[in-house]
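Observations on the model geometry
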2 protein chains.
Amino acid sequence: MTASRQLHLGAFMRPVSIHTGAWRHPDAVPDANFNFPLLRRLAQRLEAACFDAFFMADHLGVLNLPPQALKRSHTVTSFEPFTLLSALAGATERIGLVATASTSFEEPFHVARRFASLDHLSGGRAGWNIVTTANPDSALNFGYEEQPDHAARYRRAREFYDVVTGLWDSFADDAFIRDAGEGIYVDPDRMHVLDHRGEHFRVRGPLNIARPVQGWPVIVQAGSSEPGRQLAAETAEVVFAAEATLESGRRFYADVKGRMPALGRDPDGLKILPAAFVVVGDSVEDAREKRRRLDALVHYDSGIHSLSGMLGHDVSGYDPDGPLPPIPDTNASKSGRERMVTLARDENLSIRQLAARAGSYGGLAFVGTAETIADEMERWLTEPACDGFNLMFPHIPGGLEEFVDRVIPELQRRGLFRRRYEGTTLREHLGLPRPGNRFFPASGPDGTGTGAV
Amino acid sequence: MTASRQLHLGAFMRPVSIHTGAWRHPDAVPDANFNFPLLRRLAQRLEAACFDAFFMADHLGVLNLPPQALKRSHTVTSFEPFTLLSALAGATERIGLVATASTSFEEPFHVARRFASLDHLSGGRAGWNIVTTANPDSALNFGYEEQPDHAARYRRAREFYDVVTGLWDSFADDAFIRDAGEGIYVDPDRMHVLDHRGEHFRVRGPLNIARPVQGWPVIVQAGSSEPGRQLAAETAEVVFAAEATLESGRRFYADVKGRMPALGRDPDGLKILPAAFVVVGDSVEDAREKRRRLDALVHYDSGIHSLSGMLGHDVSGYDPDGPLPPIPDTNASKSGRERMVTLARDENLSIRQLAARAGSYGGLAFVGTAETIADEMERWLTEPACDGFNLMFPHIPGGLEEFVDRVIPELQRRGLFRRRYEGTTLREHLGLPRPGNRFFPASGPDGTGTGAV
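Residues numbered from 1 in each chain as written. Chains lettered and ligands numbered in written order. Predicted model: local features only at pLDDT ≥ 70, side-chain atom pairs only at ≥ 80, totals over all residues. Heavy atoms only, no water.

The name that an unreviewed UniProt entry assigns to chain A is LLM class flavin-dependent oxidoreductase, with the source organism given as Rhizosaccharibacter radicis. In the Sequence similarities (unreviewed entry) part of its UniProt record, chain A is described as follows: "Belongs to the NtaA/SnaA/DszA monooxygenase family." (UniProt positions renumbered as here; feature names shortened; annotations may be inferred.)

Put into C-alpha cells, the structure is as follows:
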C-alpha cells in the first residue's frame, strides 16, 4: 500500500474532550484535562498507535461564561501549551507536538524562540497552530479594552508570521562549528540580523537559538473564512478544517488546494485534516447508544449557553420543552447558526434537546464500529475530502483507548495508516519538505550564504 | 545534626559554565549548553545528590559582542527556560526548577500562567528568578529603541510582581469540586477576578489555571544595588548574591536580613545563596593547576572583551603584555571595575593575564580539595554569610561530577547537607512556608473567602 495515500491523524487533546458532559461519564477521569501523569500516559498510547501529532488548542483566559455555565466547565483549569508539550517531549520519542500560539497578545521574538526550543528539545517534532484571538475577555488580560477587528488581527498575524519565520532563519544550518582547538564556536558570517521594521513590529534579531531541527516547525492553521482560506493557501502546511459533511469537506479541500498552484505551491505541501468526533461501539446501535448516554450528561445550563452562543442569540428565556422560535440574524458564525436551525427543524427537537446537542459536538462525528468508521474515513480520503483527521475523543481515557485499540488496527489492516513511524520529525510523518533558509540558500561549498530575500 | 543549619545548594546551569573557555576543555562536551540528553542526565545527577534547584539564567537576545568575541561564545545558542525546565520536570521527581523571566518585555498574564503550569507539571518545584533586562540589544528585539532607565525598570518590575502574584491567587485552593453527579466542576464563588489597573498594566484575570501547588512558585532575585536589596527584603524568598569575599558576604547577609523585621518578615523566610565557582582537585595545588589550565583556554578575543565590559572602558587597543593604565570613571558596575583594578595591582598582572581572569570567573571561587571546599562553605554558613550557594561548575560534565562525587559526600558527612529529600516541593527543600491566598484567607468552613486585600 505504499503507493496509495494514507491518513494522517492528529489527536485533539486540549481540551481532552470537546464534549461539555464528558468529564461526568462514569468511566471518565474528571480532571483528565489537568492531570499530567494521565496526559503523559495518553501521549505514549497515541505514540504507540503511530499518531502524527498531539494537538493543543488554547485560550488566553477563563471564558466569560455566566456562573451557571462556568461552574460546569472542565476546561477552566488547563496547562499552558509550551510547558505541557515540553514535558511530553521528554516522555515521548516520535509523536508530533502542536501548540496553539496566538499572534494577538504575544511578541514574535518570544514565540519564535519557544517553538525553536521545543523543536530542538523534541528532536524536530514541533508544530505551530497560528491563531488570532477573537475573545474580548482575553483582550482584557493584556490591557486592551477593545478587541482589534478581524482585518486588523489578520494583518498583524501575517506580519507576525513573517517575523517568526525570519527569526527561525537567523542561523545557517551549518553555522555552529564548535572547534575547541581553534576556539571557534560559531561562524558569525552564517548568522543573519533580521532587522525587521513593519507596521506592527520592530524586531532586530538574531534569535538566540540555532535554526530548528525541522528548519521551521510545521505551520498549522484552522481558519475557514475567506481570508483564512487564502492565508492557509499561502502559508499553511496543515489545516484543521471544520467541515461537517463529506460534500462540504470535498468543496473545502478542492477550494484551498486549488488556490495553491497560482501561489507557486505544490498542493501536496498542505495537509487538510478535518476535526472529527469519534465514538466506537460493538455495533452501530451500541455506538449511537453510547453517544446518547454521553449527550445526556450535558447539563442544561451548559447546553443552553452553548446553544445561545452558536445561535448568536440568548434563548435561555424560552420554554425548554417548546420548539425553537425564529432566530434573528446576528454577527455569529453563520455555519453554526444554520446547523442548529436545520437540526431543530429536521429532527423536530425541543430547545432542551437542541441544547444537549450544542453542548455535545455539532460537527463531523463518526459513530459506529471500527469497520464503519474506517469505511467513512476511507471515503473522505478517496473522495478526496481530506488528508486525514484531527480526532476528538469522547470521555477520557476510555474513548481514546477504544479508538486506538479497535479503529487503528482496522485502518492499518486496510493499508490506510502506518504500522510504524518511518521518520523522526513531524514533517517526515506528514510528508512535508524541510523549508530552505531564506538568508542562507543551499549552495555549493563556496556559497557566501548572504542571499537575503 | 537536624537542629543545625544546613546548606541549600542550587546549580547554575544556564550557561552550564560561566567560564568562557570551559567548552574547549579536553574533557568537556563542547555543545553541553545545548544538548538536551546531557542536560537531562546532569539534572538527574544533581537530583541524586539532593540539590535544592537547577537554575537557569537567561538572555533575550544574542549578546551584541564584536564578531571576534561572538564567534567564541558557547552560549550563543541556548534553550528557552520554560521549555527546557518543563522537559526536565518530566524527567525528574524532586529537584527544584528555577527559571529566569524578565519583567521588561513580557506580559504578566503569560508569565503567571507559565510558572503556574510548570509548578503543576512538576508537582510544586518551580521558582521564578525575577529580573529586569538592562541589555539594550534585547530591547531592540521587542520594538524598543531605547532601554528604559533603572528606576523605571524597577517600578515596572514591582507592579509586574504584584500582578503575577495576584493572578496566582485567582482560585482558592479548594475551588475545584469536580462533582460528576451534580455536574459541578468549579465553585465560581472561589474564583477571584483581579481587575488590576496600574501604571504599567491593566489585567482583568482570572488566570485560567488552578493556584500553583506551592501557592506561589518560589520568588528569587539577584539584585545587589540599593533598590535591589530593598526589593529583595520586601519580596524575595531566595537571593542569588554575588559577594566575592567572606567579609562582604557577611555584610550583605546582615544588611538584607536586617531590613526584614521592620517589613514584617521573618528573616528565615529569605535564603541568601552567593554564586560560587567550584574547582575540585586531589590537592589544593592540583585544583589550582586545574583552574590555571582552564583559564588558559580563555581566548584573548573573549577575555579582552569581558575585561572591557567589566571596566566599562575599551582596553583592546592597549599593549596586551603591558600593565593596565589608569581607567576613567564610567557608568559600569563599580564592583566589577574595582575588582579588576585591584586584581591587576595586587597581582601585578598584564592586560593579557587580566583578560584571562575576566573571561574566567572573577567572583567567589572555592578551589581546593573536598575537605578545604567543605571547610570554606562551612565557614560562610556559620559566619553567617550565607544560607547556601548557587554553584557554577567549570567544564561539563566533569566539573559537575567531581563536585557531586567528592564534595557532596563530605558535606553530608559533616551534617551540612541533606542525604535525602524530606519534602517534595522546592519550598519544602528550602524550608519556606507556603504563602496564603490574599483573596481567600484560610478560614473555617463558613468562611466566605472574599476578603480581598
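1. Observations concerning the overall build of chain A
When its secondary structure is counted, chain A shows 15 helices and 13 strands. Computed over its C-alpha atoms, the radius of gyration of chain A comes to 23 Å, within 12% of the 22 Å expected for a compact globule of 453 residues. Oriented by its inertia axes, the alpha-carbon framework of chain A measures out at about 80 × 55 × 45 Å. Residues counted as buried form 61% of the 453 residues belonging to chain A. (Helix = DSSP H or I, 4+ residues; strand = E, 2+ residues; numbered from the N terminus. Rg over C-alpha atoms; globule rule 2.2 N^0.38 Å. Buried < 20%, exposed > 50% of the residue type's maximum accessible area, 1.4 Å probe, protein only.)

2. Some thoughts on helix α8 (residues 246–259) of chain A
Helix length check: α8 of chain A, at 14 residues, gives a terminal C-alpha distance of 20 Å against a target of 20 Å (1.5 Å per residue), a fit within 8%. Where α8 of chain A is buried, its residues meet α7 (226–235), β10 (238–241), β11 (271–280) and α13 (370–382) of chain A. (Expected span 1.5 Å × (residues − 1). Contact = heavy atoms within 4.5 Å.)

3. Notes on the nonpolar core
Among the nonpolar cores identified, the biggest contains 192 residues, and F51 and F403 of chain A together with F51 and F403 of chain B are the most heavily contacted of them. In contact with F403 of chain A, other than residues within four places in its own chain, are L9, F51, V278, V280, I373, M377, L391, F393 and I408 of chain A. F55, F277, L294 and Y361 of chain B belong to the second-largest nonpolar core, a separate cluster that totals 23 residues. (Core = buried A, V, L, I, M, F, W, Y, C linked by side-chain atoms within 4.5 Å.)

4. With respect to the relation of the copies chain A and chain B
In the superposition of chain A on chain B (RMSD 0.1 Å, axial shift 0.0 Å), the rotation amounts to 180°. Interpreted geometrically, this transformation is the action of a two-fold axis. Taking C-alpha positions as reference, the residue of chain A nearest the rotation axis is A87 of chain A, located at 2.0 Å. Of all interface residues in chain A, 100% are interface residues in chain B too; the two copies therefore contact each other through one and the same surface. (Least-squares fit on C-alpha atoms with pLDDT ≥ 70 in both.)

5. Focus: the interface of chain A and chain B
Facing the 73 residues of chain A at the interface are 73 residues of chain B. When the buried surface of chain A facing chain B is broken down by residue, R113, L121 and Y185 of chain A rank first, second and third, together holding 11% of it. Inspection of the chain A/chain B interface yields eight salt bridges. A salt bridge links R202 of chain A to E145 of chain B, with the shortest nitrogen-to-oxygen separation between them at 2.7 Å. Here chain A and chain B share 35 residue pairs in polar contact (both at pLDDT 80 or more) between them. Going through the elements one at a time, α1 (36–48), α2 (67–70), α3 (81–89), α4 (108–121), β5 (176–179), β6 (184–186) and β8 (202–203) of chain A are the ones with two or more residues in the side of chain A that touches chain B. At eight residues, the largest contribution of residues to the side of chain A that touches chain B is made by α4 of chain A. (Buried area = accessible area lost by both parts, 1.4 Å probe. Salt bridge = Lys/Arg side-chain N within 4 Å of Asp/Glu carboxyl O. Polar contact = N/O pair within 3.5 Å; in protein donor to acceptor, adjacent residues only side chain to side chain.)

6. Things to note about the side chain of T425 of chain A
All names here are of chain A. Of note, T425 is situated in the loop between α14 (398–413) and α15 (426–430). From its side chain, T425 meets the backbone nitrogen of E428 in a polar contact 3.0 Å long. Each residue touching T425, except ones within four places of it in the same chain, is listed here: G123, G124, V213 and Q214.

7. A short note on the state of the cysteines
Residue and element names in this part refer to chain A. Applying the stated rule across the entire model yields zero disulfides over all chains. There is no disulfide at C50, and the cysteine sulfur nearest it, in C386, is 18 Å away. The exposure class of C50 is buried, given its relative accessible area of 4%. Of the residues examined, C386 reaches a relative accessible area of 0% and is grouped as buried. (Disulfide = S-S within 2.5 Å.)

8. Overview of the packing of helix α6 (residues 150–168) of chain A against α7 of chain A
All names here are of chain A. Two numbers describe how α6 lies on α7: the axes approach to 12 Å, and their chain directions differ by 10°. One finds that α6 runs roughly parallel with respect to α7. Across the interface between the two elements, H150, Y154, R158 and Y161 from α6 touch P227, G228, L231, E234 and T235 from α7. (Axes fitted to C-alpha atoms, helices over the stretch in contact; angles between N-to-C directions. Parallel < 35°, antiparallel > 145°, perpendicular 65-115°, else oblique.)

9. Points about the environment of M392 of chain A
All names here are of chain A. Tracing the chain through its elements places M392 in strand β13 (residues 388–392). The class for M392 is buried, based on a relative accessible area of 5%. Taking the C-alpha atoms as reference points, M392 and A275, separated by 117 residues in sequence, lie 7.0 Å from one another.

10. Overview of the environment of Q412 of chain B
All names here are of chain B. Along the chain, the position of Q412 falls in helix α14 (residues 398–413). On the basis of relative accessibility, which here comes to 14%, the residue Q412 falls in the buried class. With 405 residues separating them along the chain, Q412 and L7 place their C-alpha atoms 9.9 Å apart. In contact with Q412, not counting residues within four places along its chain, are A49, F417, R418 and R419.

11. Considering the domain arrangement of chain A
All names here are of chain A. The domain architecture assigned to chain A consists of domain 1 (8–279 + 365–430) and domain 2 (299–359). Taken residue by residue, the interface counts ten residues in domain 1 and six residues in domain 2. In this assembly, domain 1 packs against domain 2 so that about 710 Å² is buried in total across both faces, 49% of it on carbon and sulfur atoms. For the pair domain 1 and domain 2, the interface holds one salt bridge. Here R72 ties to D301 by a salt bridge, and the two come within 3.2 Å at their closest N and O atoms. Applying the counting rule to domain 1 against domain 2 returns three residue pairs in polar contact (both at pLDDT 80 or more). Of the residues in the side of domain 1 that touches domain 2, the class split is four nonpolar, four polar and two charged. (Domains from an automatic or database assignment. Nonpolar A, V, L, I, M, F, W, Y, C, P; charged D, E, K, R; others polar.)

12. A word on the pairing of β5 of chain A
Residue and element names in this part refer to chain A. With two bridges connecting them, β5 and β6 associate as antiparallel partners. Paired with D179 across the two strands is I184, which belongs to β6. Counted between consecutive antiparallel strands, the loop separating β5 from β6 contains four residues, among which G183 sits at a positive phi close to 75°. (Pairing = 2+ DSSP bridges.)

13. Notes on unusual backbone geometry
Residue and element names in this part refer to chain A. Geometrically, the link from E383 to P384 is a cis peptide bond, its omega value of -5° lying close to zero. Residue placement: P384 occurs in the loop between α13 and β13. Phi at N348 is positive, roughly 55°, even though this residue is not glycine. Take N348: it is sitting in the loop between α11 (334–347) and α12 (351–359). A relative accessible area of 66% places N348 in the exposed class.

14. Digging into the pattern of salt bridges
Tallied over the entire structure, the rule returns 82 salt bridges over all chains. The shortest N-O distance in the salt bridge between R113 of chain A and D58 of chain B comes to 2.5 Å. Within this pair, whereas R113 of chain A is found in helix α4, its partner D58 of chain B is found in the loop between β2 (53–56) and α2 (67–70), the two belonging to separate chains. Its relative accessible area of 17% is what places D58 of chain B among the buried residues. R155 of chain A is the partner of E199 of chain A in a salt bridge, and the nearest nitrogen-oxygen pair spans 3.5 Å.

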